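Each chain, letter by letter, is given below.
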Amino acid sequence: MKKVRVFAAASEVATGVALLIVPSLVGQLLFGAELTGVAMTVARVTGIALIALGVACWPGAPLVGMLTYSAAVTLYLAYVGFAGGLTGILLWPAVILHAILTALLTQASTKREEI
């Protein structure tokens, strides 16, 4: 059963990386349509989530998966806000929320290691 979980986790990470690097190609291969505009941003956030899911399902602590997602999505959404020109009313509150969650998850992870 462990081998199946590792395979599933690795598959999710691979799909997530593909969505981060070539989201339009993944959209074309899966749905037969090229992703454009905001769909590219949503696909990349989905890629981050799939990577975090794979990390969380890997043998070890699920906390690391949540920390991976929160940190990566904080950085990516901040990048989108500064460089991508996409700035909805909730973008910066989401960046701040995820930054706070990243700090709290980092703190929880550190305390867990000390126990």
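A closer look at the overall build of the protein
1) Next: Looking only at helices and strands, one finds 5 helices and 0 strands in the protein.
2) Next: Ordering the α and β elements of the protein from the N terminus gives α-α-α-α-α.
3) Next: For the protein, the residues scored as buried account for 29% of the 115 residues in total.
4) Next: Looking at the protein alone, contacts between residues at least 24 apart form 62% of all its contacts between residues at least 6 apart.
5) Next: With the model as given, the accessible surface of the protein reaches about 7300 Å², and the carbon-plus-sulfur share is 74%.
6) Next: Considering the protein, the positive charge centre built from 6 side chains and the negative charge centre built from 4 side chains are found 9 Å apart.

Here we look at helix H1 (residues 2-21)
Note that an α-helix has 3.6 residues per turn; residues three or four places apart therefore point the same way.
1) Next: The end-to-end C-alpha distance of H1 is 29 Å, a good match for the 28 Å that 20 residues give at a rise of 1.5 Å each.
2) Next: Among the residues making up H1, those that are buried are Ala9, Gly16 and Leu19. Each buried residue of H1 lies within a common arc of 85 degrees when the element is viewed along its axis, so the set occupies one face. Opposite the buried face of H1, by more than 90 degrees, sit the exposed residues Lys3, Val4, Phe7 and Ile21.
3) Next: Looking at the packing, one finds that the buried side of H1 touches helix H2 (23-31) and helix H3 (38-57).

Basis of the calculations
- Residues numbered from 1 in each chain as written.
- Predicted model: local features only at pLDDT ≥ 70, side-chain atom pairs only at ≥ 80, totals over all residues.
- Heavy atoms only, no water.
- Helix = DSSP H or I, 4+ residues; strand = E, 2+ residues; numbered from the N terminus.
- Buried < 20%, exposed > 50% of the residue type's maximum accessible area, 1.4 Å probe, protein only.
- Contact = heavy atoms within 4.5 Å.
- Areas by Shrake-Rupley, 256 points an atom, 1.4 Å probe, with all protein chains shown as cover.
- Lys, Arg positive; Asp, Glu negative; His and termini not counted.
- Charge placed at Lys NZ, Arg CZ, Asp CG, Glu CD.
- Expected span 1.5 Å × (residues − 1).
- Arc of directions from axis to C-beta.

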